[in-house]
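What the coordinates show
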Amino acid sequence: MNPVLIRHLYQYTRKNRFFWLLSLYLLFVALISAIFITLSGATYFFNSQINPSMQDIYMAGRILYWFSSIILIFAAALLAPTNALSLLSSERENRTLDLLRTTSLNASTIVWGKLLSALLSGGVYVLAPLPLLMLGFWVGGVSLAELLLLAGFLIITMIASTSVALYLSAHSRRTITAVLIFYGVNFALLPLVGILSGVMV
């Protein structure tokens, strides 16, 4: 197995920051989901005389599916690449990049190891709220084709955003520079993403 991949995965499991960030992220998702479910079912919670029909249940499942899809897309585009932004720039900051070059590893092995470690660690942010998405699928109103299409889109988004983050990390002298450029460009493109999402819905 790639030694760079093993090294970074071992480092991630020993960092408290990774687990704290994941816990806060899951807490945020849980709070947003609880508010959304409460507001969408307020009519039935406060009026016991109204019984939801199957069409209402399917519609609620579809709304929950799209709501969780938006969370997962933002996670794949913004949270998953966070580790990649510092993988190469931190080597330069800590003056360990030259030592890494002197090893028997070639450039492609180093880059692939860092990319795969960023994808595996960042994939946790996408997989963690996945049961919320599956709940909307199990309730009904969402086809298997839509679920597979979203899964493919999430994979492509995560790979593309992580690759861009690693590229910025490789060409930045400091990690903060890569972070500012990456998130600056992403937030500048948010209106375009909103328009495309509206068209897809």
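You'll find the structure just up there.
Everything numeric in this text was worked out from a predicted model, so none of it was measured.

Rules of the game
- All residue numbers refer to position in the chain's written sequence, counted from 1.
- Thresholds applied to this predicted model are a pLDDT of at least 70 for local features of residues and 80 or more for the giving and counting of side-chain atom pairs; totals over whole chains, interfaces and linings are not thresholded and use all residues.
- Based on all heavy atoms of the structure, the side-chain values leave hydrogens and waters out of the count.
- Here a helix means four or more residues in a row that DSSP labels H or I, a strand means two or more in a row labelled E, and each is numbered from the N terminus.
- The classification of residues rests on relative accessible area computed with a 1.4 Å probe and restricted to protein chains. Under 20% of the type maximum is buried, over 50% is exposed, and intermediate values are partly exposed.
- Shrake-Rupley sampling with a 1.4 Å probe provides the accessible areas, and residues are treated as covered by the protein chains on show and by no other component.
- Expected span, for any helix, means 1.5 Å times one less than how many residues it has.
- The pairing test for Phe, Tyr and Trp rings, Trp by its six-membered ring, is centres within 6.5 Å, and the orientation test on the planes gives stacked under 30 degrees, edge-to-face over 60, and tilted for anything in between.
- Contacts are residue-level and defined by heavy atoms, with any inter-residue pair within 4.5 Å sufficient.
- Only residues above 30% relative accessible area that lack a salt bridge enter a patch, with like-charged residues linked at up to 9 Å and the nonpolar side chains Val, Leu, Ile, Met, Phe, Trp and Tyr linked at up to 5 Å.
- Any carboxyl oxygen of Asp or Glu within 4 Å of a side-chain nitrogen of Lys or Arg constitutes a salt bridge here.
- For helices, the fitted line uses only the C-alpha atoms of the stretch in contact; every axis is such a line through C-alpha atoms, and the angle between N-to-C directions lies from 0 to 180 degrees.
- In this scheme the handedness of a crossing depends on how the near helix is turned from the far one: anticlockwise by less than a right angle means left-handed, clockwise means right-handed.
- Put simply, Ala, Val, Leu, Ile, Met, Phe, Trp, Tyr, Cys and Pro go in the nonpolar bin, Asp, Glu, Lys and Arg in the charged bin, and everything else, Gly too, in the polar bin.
- Any angle that falls under 35 degrees is termed roughly parallel, while one over 145 is termed roughly antiparallel, one within 65 to 115 roughly perpendicular, and all others oblique.
- Here a polar contact means two N or O atoms within 3.5 Å. Within protein one must be a hydrogen donor candidate and the other an acceptor candidate, and residues neighboring in sequence count only if both atoms are side-chain atoms.

So, the overall build of the protein
A count of helices and strands for the protein gives 11 helices and zero strands. Helices and strands in the protein line up, N terminus first, as α-α-α-α-α-α-α-α-α-α-α. Counting every position in the protein, which comprises 201 residues, the buried fraction comes to 34%. With an accessible surface of roughly 12,300 Å², the protein has 73% of that area assigned to carbon and sulfur atoms.

Considering helix H9 (residues 144-170)
Since the α-helix turns once every 3.6 residues, residues separated by three or four places project in the same direction. Relative to the 39 Å expected for 27 residues at 1.5 Å per residue, H9 spans 39 Å between its end C-alpha atoms, a close match to the ideal helical length. Of all the positions in H9, only Leu147, Leu150, Leu154, Thr157, Met158, Ser161, Thr162, Ala165, Leu166, Leu168 and Ser169 are classed as buried.

Quick look at the packing of aromatic side chains
By the definition in use, this model includes three aromatic pairs. An aromatic cluster is defined as three or more aromatic residues linked by ring pairs; in this entry it consists of Phe182, Tyr183 and Phe187.

Focus on the environment of Thr157
Turning to its location among the elements, Thr157 is positioned in helix H9. A relative accessible area of 16% means that Thr157 is categorised as buried. Not counting residues within four places of it along the chain, the set of residues in contact with Thr157 comprises Ile73, Ala76 and Ala77.

Concerning the side chain of Ser172
Secondary-structure assignment places Ser172 in the loop between H9 and helix H10 (175-188). Classification of Ser172 as buried rests on a relative accessible area of 5%. Those residues in contact with Ser172 that sit more than four places away from it in its chain are Ser89, Arg92, Thr177 and Ala178.

Describing a nonpolar patch on the surface
A surface patch of nonpolar side chains, about 340 Å² in accessible area, is lined by Ile181, Val185, Leu189 and Leu192. Tracing the sequence through the fold places Val185 in helix H10. For Val185, a relative accessible area of 45% puts it in the partly exposed group.

Notes on the packing of H9 against H10
As a packed pair, H9 and H10 sit with axes 9 Å apart at the nearest point and diverge in direction by 140°. Along this stretch, H9 crosses H10, giving a crossing that reads as right-handed. When H9 is examined against H10, the residues Ser161, Val164, Ala165, Leu168 and Ser169 are found in contact with a partner set consisting of Ala178, Ile181 and Phe182. For the contact of H9 with H10, the class distribution of residues is six nonpolar, two polar and no charged.

Let's talk about the packing of helix H7 (residues 107-127) against H9
Where H7 contacts H9, the two axes come as close as 10 Å, and the packing angle between them is 130°. For the element pair H7 / H9, the angle class is oblique. Here H7 runs over H9; the crossing is right-handed. When H7 is examined against H9, the residues Val111, Lys114, Leu115, Ala118, Leu119, Gly122, Gly123 and Val126 are found in contact with a partner set consisting of Leu154, Met158, Ile159, Thr162, Ser163 and Leu166.

Points about the side chain of Thr175
Mapped onto the elements, Thr175 comes out in helix H10. Looking at Thr175, its side chain comes within polar contact range of the side chain of Ser89, at 2.9 Å. Ignoring anything within four residues of it in the chain, the contact list for Thr175 reads Leu85, Ser86, Ser89, Ser90 and Glu93.

By themselves these figures say nothing about function.
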